[in-house]
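Close look at the chain arrangement
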Amino acid sequence: MDFTAVPGVLGRIVRERAEDYLDAEFQPSARPRTKRFERALRLPGLSLIAEVKRASPSKGHIAALDPAQAARSYERGGARAVSVLTEPRHFGGDDQALRDVVKAVAIPALRKDFVVHPAMLAEAAQLGASAALLMVSVLGELTHTFVQTAHALGLDALVEVHDERELDVALEADAEILGVNNRDLTTLKTDLANAPRLMRLARARGFEGVLVAESGYERAEQLADVRGLADAVLVGSSLAAADDLEEAARRLMTP
Ligand SMILES: O=C(O)c1ccccc1NCC(=O)[C@H](O)[C@H](O)COP(=O)(O)O
């Protein structure tokens, strides 16, 4: 795969990840899909996917989190799933963080990384994740193949889009869980109107799957625009930076 056309910060990250997995071998091990992640997001009301995020290109250092402790706090605070960043250079993540979180909590875990090789999906399943992130901005027309691979490995796939063109690709790829990112990963600018706009468009185009609004949420009132529209919100920086993660999760989700 060639990632030279992926622009900005995102391009740099995916080219580094492609280099990391250059010699990786994909050894598929088929597993039945339990849809644990999807079922958690389909519970009544707006579900919280709380993210274990130590750093990011937009914020720099966020917090020196212990992943297992952070995930337990999020779970006590009402999170229905945990997202764990495993990208090491820009997000301070690693595979051990995901392993630790899976052991620590009963709620399902999402492997949040920049998937550029099917071996990363096999790894996600081996590490105990219930789902993996697939970005249309990175995978383009290959998104469909990666969704099928994730499903064959027993994983749910959170297929992420940021604009209308990517939405078309995700719908063509038979995405079952659609994430709309408020953050433009090329410029790192965040616009909270993006997720509701594209989620409405997805429904208008017949999408009946799960909708996830992603990025930029800091206060409960900012969720008003996605309540009754999204099934879930994915929140990282504002929770991870809080002094009390459990209380921050609870407060954010209280209308
Ligand atoms: O967060 C970033 O700065 C970032 C930069 C480049 C690529 C991806 C990036 N973030 C990934 C995410 O989508 C977020 O971690 C996630 O949606 C949570 O966002 P937030 O609540 O704003 O931390």
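This is a predicted model, so every value here is computed, not measured.

Some words on the pairing of strand β5 (residues 109-112)
Here β5 shows two buried faces, one formed by A109 and R111 and the other by L110 and K112. Pairing geometry for strand β4 (residues 81-85) and β5, over four bridges, is parallel. In the sheet register, V84 faces β5, and the bridge partner there is R111. The sheet contact formed by β5 and strand β6 (residues 131-135) spans two bridges and is parallel. Paired with L110 across the two strands is A131, which belongs to β6.

Examining the site of the ligand
Every one of the 19 residues lining the ligand counts as a neighbour, but E51, S58, R183, S215 and S237 are closest to it. Within the side chain of E51, a nitrogen or oxygen atom sits 2.5 Å from an oxygen atom of the ligand. The contact in question runs from an oxygen atom of the ligand to an N or O atom on the side chain of K53, over 2.7 Å. Its free accessible area being 510 Å², the ligand has 98% of it covered by the protein chains. Taken together, the residues of the shell around the ligand sort by class into seven nonpolar, seven polar and five charged.

Here we look at the packing of aromatic side chains
Using the criterion set out here, one finds one aromatic pair in the structure. Considering the side-chain rings of F91 and F114, the 5.5 Å spacing of their centres and the 35° angle between planes classify their relative orientation as tilted. Residue F91 is located in helix α4 (residues 88-91), and its partner F114 is located in the loop between β5 and α6 (118-127); the two are separated by 23 residues in the primary sequence. Exposure class is identical for F91 and F114. Each is buried.

Quick look at the sheet that holds β5
The pairing of strands in a sheet happens through backbone hydrogen bonds and is either parallel or antiparallel. Pairing within the closed barrel is parallel, and its eight strands lie in the order β1-β4-β5-β6-β7-β8-β9-β10. Taking the axes of each pair of neighbouring strands and ignoring which way they run, one obtains an average angle of 25° across the sheet. Running at roughly 155° to strand β7 (residues 156-161), helix α9 (residues 164-172) makes contact with β7 and β8 (177-181) of the sheet.

Considering the packing of helix α3 (residues 67-76) against helix α5 (residues 95-104)
One way to put it is that α3 packs onto α5 with a least axis distance of 8 Å and a crossing angle of 40°. In terms of axis orientation, α3 runs oblique to α5. Here the hand of the crossing between α3 and α5 comes out right-handed. For the pair formed by α3 and α5, the contact residues are P67, A68, A71, R72 and E75 on the first element and A97, D100, V101 and A104 on the second. For the contact of α3 with α5, the per-class residue count stands at six nonpolar, no polar and three charged.

Overview of helix α1 (residues 8-20)
Three- or four-residue spacings in an α-helix give side chains the same orientation, since the helix completes a turn every 3.6 residues. Look at α1: 19 Å from first C-alpha to last across 13 residues, which is about the 18 Å you get at 1.5 Å a residue. Buried within α1 are the following residues: L10, G11, I13, V14, E16 and R17.

Focus: the UniProt feature "domain: Indole-3-glycerol phosphate synthase" (unreviewed entry) in the protein chain
As annotated by UniProt and renumbered to match this structure, "domain: Indole-3-glycerol phosphate synthase" (unreviewed entry) occupies residues 24-252. In residues 24-252, the share of helix is 38% and the share of strand is 19%. The end C-alpha atoms are 40 Å apart.

Cut-offs and rules
- Residues numbered from 1 in each chain as written.
- Predicted model: local features only at pLDDT ≥ 70, side-chain atom pairs only at ≥ 80, totals over all residues.
- Heavy atoms only, no water.
- Buried < 20%, exposed > 50% of the residue type's maximum accessible area, 1.4 Å probe, protein only.
- Helix = DSSP H or I, 4+ residues; strand = E, 2+ residues; numbered from the N terminus.
- Pairing = 2+ DSSP bridges.
- Near = heavy atom within 4 Å.
- Polar contact = N/O pair within 3.5 Å; in protein donor to acceptor, adjacent residues only side chain to side chain.
- Areas by Shrake-Rupley, 256 points an atom, 1.4 Å probe, with all protein chains shown as cover.
- Nonpolar A, V, L, I, M, F, W, Y, C, P; charged D, E, K, R; others polar.
- Phe/Tyr/Trp six-rings, centres within 6.5 Å; stacked < 30°, edge-to-face > 60°.
- Axes fitted to C-alpha atoms, helices over the stretch in contact; angles between N-to-C directions.
- Contact = heavy atoms within 4.5 Å.
- Parallel < 35°, antiparallel > 145°, perpendicular 65-115°, else oblique.
- Left-handed = near helix turned anticlockwise from the far one by under 90°.
- Expected span 1.5 Å × (residues − 1).
- UniProt positions renumbered as here; feature names shortened; annotations may be inferred.

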